Amino acid sequence: MKFKKIFPFFILLFLCSISILAQNQLVIEADQSRGTINRQIYGHFSEHLGRCIYGGYWVGEESSIPNTRGIRNDVVQALKDIRIPNLRWPGGCFADEYHWMDGIGPRETRPKMINSHWGGVVEDNSFGTHEFLDLCEQLGAEPYISANMGSGTVEEMSKWIEYITFDGESPMAHLRRQNGRDEPWKVRFWGVGNESWGCGGNMRPEYYADLYRHYATYARDYGDNRIYKIACGANGGDYNWTETVMKNAAHHMQGLSLHYYTVPKDWNDKGSATDFDEEEYFNTVEKTLFMDELITKHSLIMDRYDPQKRVGMIIDEWGTWYNVEPGTNPGFLYQQNTMRDAIIAGINLNIFNAHCERVQMANLAQTVNVLQAVLLTDEEKIVLTPTYWVFHLYKVHQDATLLPISFTSNKYRQGDREIDAVSVSASKDTNGKIHITLVNADPKNEQRVNTRLPGASAGKVSGQILTSDKINDYNSFEQPSTVSVKELKGLSFSENTLLVVLPPKSVVLIAIE
Ligand code: AHR
């Protein structure tokens with residue numbers, strides 16, 4: 001009799017435990033720190049490739065598209081709105097064929113060249129050093145220049161630095177003044193060679209390390225401009241490259257790069273940007289999660305030669321790489337950008353935040369009209385992609401304190417494979433406001449994240465969400481707001497606990513103040 005009475009209670013208890021177990025458990029230590037998230041992690045990369053520079057930024061002073069000294073106003077404003085901290089230029093592979101002196105002086109007399117890597121088109125050099133540094137000033141972003149090591153010379157690189165940063169009397173400072181710029185610019189970030197293991201010269205790491213030391217010697221600090229030299233790092237999982245370059249040249253660098261692209265299929269047929277099934281979607285997310293392993297393993301090698309973490313890991317090319325949009329120039333790398341790309345961006349940025357002790361910069365490839373672009377343009381029209389909105393949400397992490405988390409995620413399964421469904425990052429800004437960014441990669445199931453924040457003072461909570469009906473939804477010139485940010489309702493924070501319900505395929509920002 002007695003048992004009969006308490007039986008329903010046991011059932012209820014059982015069901016409650018099941019539902020709690022089904023929830024993702026997140027603990028955020030709100031009064032502790034795991035370092036500072038360098039705002040440079042939210043950087044971008046723009047190459048002379050396809051319609052990135054020409055049409056993307058540069059339309060020329062005579063254009064009917066509103067511009068300031070030839071640079072599109074709409075693009076500048078959109079990038080300022082995501083607080084773009086830095087911009088890497090002029091390549092990529094293009095950097096190792098670029099001779100900067102071709103891009104200064106009166107535009108009509110600048111020599112033309114073939115952009116042999118990217119479509120074999122004519123590069124008329126109308127966008128050069130002055131235009132790039134003007135763009136950075138308009139953006140309020142720090143320039144990051146990749147110097148030509150592949151087909152250039154030490155003299156060419158060192159004269160470029162002198163031209164840009166020297167304030168006294170010298171041939172290069174004189175030339176700069178002749179070209180209309182009196183004051184030197186400040187350029188901290190200099191890359192010495194790009195993909196020197198591939199398009200930048202097909203070098204072996206031993207040879208590169210020696211050549212790097214040679215070039216780095218002549219990268220001078222003028223006045224108070226302190227150069228942060230970035231050596232060429234590995235192609236994905238080439239750990240021998242990191243080992244050799246760190247062993248032989250770590251003392252001469254401030255940063256070491258890493259390149260890794262997320263390619264859903266393989267390099268011959270990378271997969272469509274918009275037309276993919278769930279298996280291909282799963283592959284894409286699984287491949288992007290490899291970024292965490294890459295950073296961990298390269299960091300372990302760097303730790304052996306640089307235990308103080310003086311040398312930053314600079315992930316200066318990352319993002320998705322698909323087949324080009326049908327009918328477009330294969331050398332222009334123009335691809336659409338869907339909700340899948342937003343998921344990929346959110347996961348990667350959470351990974352970079354988590355490694356902020358070593359990762360000091362990252363640059364998404366390639367800002368406008370190329371690869372995982374945040375902006376697409378067509379003549380006077382502009383589209384903010386789903387990836388753009390992720391950078392919009394995540395900008396709150398810039399220069400914030402990374403909060404330690406412990407987290408066990410539910411799994412997202414495909415056949416007999418499984419990956420974490422949820423990715424998360426949390427930080428506290430200088431005003432004490434806590435921000436949590438979460439990604440639910442599972443396209444079919446919602447995820448409930450049971451969040452405890454010991455050390456947080458009770459406060460106001462608000463949320464924003466980026467999601468869409470279909471994982472391959474995108475913003476087009478005709479329908480530019482299919483994937484856009486909305487308010488996330490129904491949040492409550494009490495007794496340091498918060499339940500966040502993440503709809504399928506969503507990126508969420510929670511703010512607690
Ligand atoms: O981003 C496109 C290309 O990818 C870059 O030029 C090169 O560095 C990389 O291989």
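Residues numbered from 1 in each chain as written. Predicted model: local features only at pLDDT ≥ 70, side-chain atom pairs only at ≥ 80, totals over all residues. Heavy atoms only, no water.

**Q** What should I look at first to understand the pairing of strand E22 (residues 447–452) in this one?
**A** Regular strands place side chains that alternate from one sheet face to the opposite one. Only one face of E22 is buried: it carries Gln447, Val449 and Thr451, and the other face, with Arg448, Asn450 and Arg452, is open. In this sheet, E22 lies alongside strand E1 (residues 24–28) in parallel orientation, the contact comprising four bridges. By the bridge assignment, Asn24 is partnered in E22 with Val449. Strand direction decides the pairing type here: E22 and strand E26 (residues 497–502), joined by six bridges, are antiparallel. Its bridge partner being in E26, Asn450 is matched across the sheet by Leu499. (Buried < 20%, exposed > 50% of the residue type's maximum accessible area, 1.4 Å probe, protein only. Helix = DSSP H or I, 4+ residues; strand = E, 2+ residues; numbered from the N terminus. Pairing = 2+ DSSP bridges.)

**Q** Looking at this structure, I do not really get unusual backbone geometry. What am I missing?
**A** Note on backbone geometry: most residues besides glycine have negative phi, and most peptide bonds are trans. In the segment running from Gly91 into Gly92, the intervening peptide bond is cis, with an omega of 20°. Counting through the fold element by element, Gly92 comes out in the loop between strand E5 (86–89) and strand E6 (113–115). Here the amide bond leading from Ala365 into Gln366 is cis, since omega sits at -5°, within 30 degrees of zero. For Gln366, the position within the fold is in the loop between strand E13 (359–365) and strand E14 (375–378). With a phi close to 65°, Asn125 is a non-glycine residue in the positive phi region. Along the chain, the position of Asn125 falls in the loop between strand E7 (121–123) and helix H3 (129–139). The buried category is assigned to Asn125, whose relative accessible area is 0%. Even without being a glycine, Thr367 presents a positive backbone phi close to 65°. Thr367 gets classed as buried once you look at its relative accessible area, which sits at 0%.

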